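Listed below, chain by chain, are the residues.
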Amino acid sequence: MKYDVVVIGSGPGGYPAAIRASQLGLKVAIVEKENLGGVCLNWGCIPTKALLKSAQVFEYMNHAEDYGIKVTGAKADFGKVVKRSRDVAGAMSKGVNFLMKKNSITVIDGYGRLIRGKKVEVTKADGSKEEVSADHIIIATGGRAKQLPHIPIDGKTVIGYREAMSLPKKPKSIVVMGAGAIGVEFAYFYNTMGTKVTVVEYLEQGLLPREDKDVSKELGKIFKKKGVDVMANSSVEKVEAKSKKVYVTVKSRKDDSITEIECDLVLSAAGVTPNTEDIGLETLGIKTERGLIEVNDFYQTNVPGIYAIGDVTPGAALAHVATAEAIICVEKIAGHHPKPLDYGNIPSCTYCIPEVASVGMTEAAAKEAGYEVKVGKFPFSASGKAKAAGNPEGFVKVLYDAKYGELLGAHLIGSNVTEMIAEIVTARNLETTGMEIVKTVHPHPTMSEAIMEASAAAYDEVIHL
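Everything numeric here is computed off the predicted structure, so don't read it as measured data.

K.L.:
Just give me the short version of unusual backbone geometry, but keep the residues and values in it.
P.N.:
Residue P354 is bonded to the preceding I353 through a cis peptide linkage, with omega at 0 degrees. For P354, the location among the structural elements is in the loop between β20 (348-350) and β21 (355-360). The omega angle of the peptide bond from H444 to P445 is -5 degrees, so this bond is cis rather than trans. Within the secondary structure, P445 is located in the loop between α13 (434-438) and α14 (449-458).

Below you can see the structure in the form of structure tokens.
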């Protein structure tokens, strides 16, 4: 079959690319080796949020008396929590299948590999092969859990995110390697379910080391209060299984001291690596650097007619980034004139409790870039809505350029801040200044008022602090 566009991979980059191409009148096929929706819908973004919601509900029930409600005998059925998560993922995958049919997109089951002549060779589950050709081929094969060379994921002693969200029973103790978003979210989930959790992070900043230091520090305090042990500036040197237990050797990078931790499982959350092996890049001479496919502003590779989006390209491995890249790529293919994506205005979200959200520069990065920075900070402990809701933890921190009032960045930690960050992203996209945020009337009482109050604090005009 001949198509205008063939997309390899149906994750948050692949399936939006296919849908947008169809909307623009192109004949489209999508190749997927597993379930529609990719890692995000089936093993990442969506099912993890289902797990986290169950943990949050359990946490609420355990603190119901704080709200004047008495609950007795609250128990978490770990198996049912996992089943709910898998059911949510299954329903979302079926939703993508519906969208494919609605948009007249041909779905081809199998493993896609580039071959010469602008063709994709698809290997079916039974080993048979099929070739499809297209004027334009988009690589959207995504990523997978990064393997540490000395501590490989074996699915038993050391597990990845897939195993972590579908364990048959709750472990009594777990060591999480890596304190990025994946590690922190699973640390919160298992801790809330009653598992003893230790987080080991290589970088000195500790939890969420890529976030603003104030946010990392605040989350560290909250996690410590919850009973999570965090070993920052440390590395896992060795993992050994003995007598149904796992022994983890951790080395401090500060003084080289050694600590041995006994646990049931180790979760490797050391990041994401791209799925670029064995997809035919070498056959076509497609350029890569450190395993990532080189592309221009519109995701064209060095080979005409071949494009790449999402986790296989340089940049943040985030679902919403892949979707944005997909739409820009396809609109360019269709002859439109989309603007290149502004990677400086991509929001980052972590869905532990409290949530973390940020966009733009950290305070340290802004000062390093030479800005004179106005910093505004408003704690949720001073927010009427946060106090009434029983969620006074965290704060909003905003950064403005003192000279022009440019909104350089924002860093939020607290309840539902992942829903609030879009206001900052929009404001930055519109080149909104600090005083414009201050003079924007926010509804009361809401959590979003904290953005206005933090901005006012940057200009010494804060009212409720």
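Past the structure itself, the notes keep going.
K.L.:
Describe a nonpolar patch on the surface, and please don't skip the residues or the numbers.
P.N.:
Judged by side-chain polarity, V57, Y60, M61, Y67, I69 and V71 come together as a nonpolar surface patch covering roughly 490 Å² of accessible area. By the element assignment, Y67 lies in the loop between α3 (45-62) and α4 (78-102).

K.L.:
Please set out the side chain of T301 residue by residue, giving values where relevant.
P.N.:
Among the secondary structure elements, T301 is positioned in the loop between β18 (292-293) and β19 (306-308). Setting aside its immediate chain neighbours within four residues, T301 contacts I286, I293, E294, V295, I306, Y307 and A308.

K.L.:
If you had to explain the packing of aromatic side chains to someone new, which residues and values would you point to?
P.N.:
Applying the stated criterion to the full structure yields six aromatic pairs. On the basis of an interplanar angle of 40 degrees and a centroid distance of 6.2 Å, the ring pair of F78 and F189 is categorised as tilted. With a gap of 111 residues between them, F78 in helix α4 and F189 in helix α6 (residues 181-193) connect regions that are remote in the sequence. On the accessibility criterion, F78 (9% relative accessible area) is buried. For the pair F189 and Y190, a centre-to-centre distance of 5.0 Å together with 75 degrees between the ring planes defines the contact as edge-to-face. In this structure Y190 comes out as buried when scored by relative accessible area, which is 1%. Aromatic rings pair up to connect F78, F186, F189 and Y190 into one cluster. When the ring centre of Y3 is taken as reference, the NZ or CZ atom of K27 above it lies at 5.2 Å.

K.L.:
Now, about the pairing of β21: what can you tell me, with residues and values included?
P.N.:
With five of six residues buried, β21 is to be regarded as a mostly interior element. As paired elements, β20 and β21 share three bridges and run antiparallel to each other. Bridging across to β21, C349 finds its partner in A357. Following β20, the chain reverses through four residues before pairing antiparallel with β21. Judged from the six bridges that link them, β21 and strand β24 (residues 407-414) form a sheet pairing that is antiparallel.

What counts, and at which threshold
- Residues numbered from 1 in each chain as written.
- Predicted model: local features only at pLDDT ≥ 70, side-chain atom pairs only at ≥ 80, totals over all residues.
- Heavy atoms only, no water.
- Helix = DSSP H or I, 4+ residues; strand = E, 2+ residues; numbered from the N terminus.
- Patch = residues over 30% accessible without salt bridge, like charges linked within 9 Å, V, L, I, M, F, W, Y side chains within 5 Å.
- Areas by Shrake-Rupley, 256 points an atom, 1.4 Å probe, with all protein chains shown as cover.
- Salt bridge = Lys/Arg side-chain N within 4 Å of Asp/Glu carboxyl O.
- Contact = heavy atoms within 4.5 Å.
- Phe/Tyr/Trp six-rings, centres within 6.5 Å; stacked < 30°, edge-to-face > 60°.
- Buried < 20%, exposed > 50% of the residue type's maximum accessible area, 1.4 Å probe, protein only.
- Lys NZ or Arg CZ within 6 Å of the ring centre and 35° of its normal.
- Pairing = 2+ DSSP bridges.

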